[in-house]
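# A structural walkthrough
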Amino acid sequence: ADGLEPVKDSIDLEFLSAWHDVSLNLEGFEGKSTSLEFLFRGEGSGKALLALSTPRIVKPVSDPRHVVLITSDTHRGDHLGAADAGVEIRTPFLDELAKEGVFFEDCMSTTNITVPSHMAMMTGNSPKAMGLIDNMTALSPDSVTLAEHFRDAGYYTVSVLSTKHLRHENSGLGQGFDRSIPTDQEKQLGHVSTEIIQKVIEDEGDQPCFIWLHVFDAHAPYTPPEEYRYEYYPEGRNPYTQGTGLTDKARANWDPRIRDLEFVLAQYRSEITYLDETLASVFGEPAFDDAIIAFTADHGECLGAHGIFFKHNGLYSDTVDIPLILRWPDCPSGTRVKAPVQNHNVGRTLLDLAGLGAKEFPGVSVLEALADDAPSQPRFALGSHGHCAAVEKDGWLCVLTLQSKGVPNARKHQVELFDLEADPGCLVDLVDEEFGDNDF
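Residues numbered from 1 in each chain as written. Predicted model: local features only at pLDDT ≥ 70, side-chain atom pairs only at ≥ 80, totals over all residues. Heavy atoms only, no water.

### Let's talk about the sheet that holds strand β11 (residues 324–327)
Strand order in the open sheet made by the 8 strands is β5-β4-β6-β1-β7-β11-β2-β12, with mixed pairing throughout. Strand pairing shows two members of the sheet lacking a second neighbour, β5 (179–182) and β12 (335–337), which therefore form its edges. Neighbour to neighbour, the strand axes of the sheet diverge by 10° on average, direction disregarded. Running at roughly 170° to strand β7 (residues 292–296), helix α9 (residues 346–353) makes contact with β1 (67–72), β7 and β11 of the sheet. (Pairing = 2+ DSSP bridges. Helix = DSSP H or I, 4+ residues; strand = E, 2+ residues; numbered from the N terminus. Axes fitted to C-alpha atoms, helices over the stretch in contact; angles between N-to-C directions. Contact = heavy atoms within 4.5 Å.)

### So, the nonpolar core
One finds F150, F210 and L350 to be the most contacted residues of the largest nonpolar core, which totals 41 residues. When residues of this core are traced back to their parent elements, those giving at least two are β1, β2 (102–104), α2 (114–123), α4 (146–152), β6 (209–215), β7, β11 and α9. (Core = buried A, V, L, I, M, F, W, Y, C linked by side-chain atoms within 4.5 Å. Buried < 20%, exposed > 50% of the residue type's maximum accessible area, 1.4 Å probe, protein only.)

### Some details on the pairing of β11
Both faces of β11 are covered, namely the face carrying L324 and L326 and the face carrying I325 and R327. Of the pairings in the sheet, the one linking β2 to β11 comprises 2 bridges and is antiparallel in character. In the strand pairing of β11, V102 is matched with L326. As paired elements, β7 and β11 share 4 bridges and run antiparallel to each other. Considered in β11, the bridge of I293 is made with R327.

### Section: the packing of aromatic side chains
One pair of aromatic rings is described through two measures. These are the centre distance and the angle between the planes. A full pass over the atoms with the stated rule returns 16 aromatic pairs. Considering the side-chain rings of F150 and Y155, the 5.0 Å spacing of their centres and the 80° angle between planes classify their relative orientation as edge-to-face. Classification of Y155 by relative accessible area gives buried; the value is 13%. Ring geometry for Y228 versus Y274: centroids 5.4 Å apart, planes at 70°, classification edge-to-face. (Phe/Tyr/Trp six-rings, centres within 6.5 Å; stacked < 30°, edge-to-face > 60°.)

### Let's talk about the layout of surface pockets
Considered as a void within the structure, the second largest pocket measures approximately 930 Å³ in volume. Together, 33 residues line the second largest pocket, and E105, D106, D321, L420 and P424 are the ones closest to its centre. If you list the elements that add at least two residues to the lining of the second largest pocket, you get β2, α7 (261–283), α8 (317–320) and β10 (321–322). Of the residues forming the lining of the second largest pocket, the biggest block, 3 residues, is contributed by α7. When its residues are assigned to classes, the lining of the second largest pocket shows 14 nonpolar, 5 polar and 14 charged. (1 Å grid on protein atoms, 1.4 Å probe; cavity = no way out; pocket = protein on both sides within 12 Å on 5 of 7 lines; lining within 4 Å. Points joined across faces, edges and corners; volume = space filled by probe spheres on them. Nonpolar A, V, L, I, M, F, W, Y, C, P; charged D, E, K, R; others polar.)

### A few points about the sheet that holds strand β13 (residues 341–342)
Backbone-to-backbone hydrogen bonds pair the strands of a sheet. The strands run either parallel or antiparallel. Read across the sheet, 3 strands follow the order β10-β3-β13 without closing on themselves; strand pairing throughout is mixed. Each edge of the open sheet is held by one strand with a lone partner, namely β10 and β13. As defined by bridge partners, strand β3 (residues 107–108) adjoins β10 across 2 bridges and the pair is classed as antiparallel. What sits directly across from M108, in β10, is D321.

### Re empty space enclosed by the protein
This structure, assessed with the given rule, holds 1 cavity of 30 Å³ or more. Taken as a whole, the largest cavity spans an internal volume of roughly 50 Å³. Looking at the largest cavity, the residues that line it are D106, M108, S317, V320, D321, R379, E392, L397 and L420.

### With respect to α7
For α7, built from 23 residues, the straight-helix expectation of 33 Å at 1.5 Å per residue is met to within 8% by its first-to-last C-alpha distance of 34 Å. Across the 23 residues that make up α7, a large majority, 18, are buried. Two to three positions downstream of the cap, the backbone nitrogen of E262 sits 3.1 Å from a side-chain oxygen, assigning the N-cap of α7 to D260. (Expected span 1.5 Å × (residues − 1). Polar contact = N/O pair within 3.5 Å; in protein donor to acceptor, adjacent residues only side chain to side chain.)

Next up, the structure:
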């Protein structure tokens, strides 16, 4: 580079398995132009494939404010201590986040499947509007993503993804990210992903960052670290010899020797408690004290209701009720919002909180639900592959099953109606009682 001392950096390509960063101090070059030249000199006869990312000019700031979106895959809305839903579970970090921020008691997903749900959050459009209802169809490059808006506003944008089908080559969700970092395994322990976030903050934390962290711990198989294995199950009890035994449809296919259903359910809760601790190790640090943080999920999980075990089929409350916590500087700490919201509006909300309200992006801020006179709007959800659809309005959930695949207790073209206040688990179908046989 003209006028600059050359930077020599030696790396061992044989062991290089990730990006290698090289930095150059441009102090004193304010207002000047220069050129950069990259040279590669190799030794020996071996071949090498090199890729260069676009160089970035970074002006460090003393008090960068980060924006963080954490999506916990397959995380039921009632599986948080802060939810106070009668579930024995300990999530002290997320409970504290809710205490410091705003806890939305009634957040609904737009779908029961991972990739379309994340696409909805990253674009503000519902799966129906995008026409995306499976985990194999990629986002159109013409779409404008949340990450692109933050990148254009000067944020360093990074995603850390804990499942293969969210990677850019499958989902298209790398749009707008300076770095999209996949973990190496399909079922990755949360601490691996959070350690990557720690490294990102060490390297890039002197500039505002937009971070999307996707964690997969609550997803089946429920296999928490050994020290959490008996967090919610009596240690003296043996799940392989005690219990009544499990039918084929209730069997945990990752460990079919388990005879006790309570052990499987306890492992799901253990996964979440373990995840809570890993999140605390990073986002409880001072670097995130003034950050805008959103914690939510893509969908929930069925744990036996409706004949569905350890999957997220159907559009009952088990699969569409998800957590949502928002914390930002000067927020109304400790507020609990009963008004209904939906997770595809999280992106619009984060932009508004970051002072980017002028950005064109679909959706409405979930903060509108804080108003006493917040209007009640219908919420829609579309099931995987279009097998089912649902609408919720004023506490009533109507579910239409088009194909009963994966939902053994439903039938093709069945319409079900549930009073969510009296029956939050969607166990009592009231469609005949409310409408009668002649109303369809």
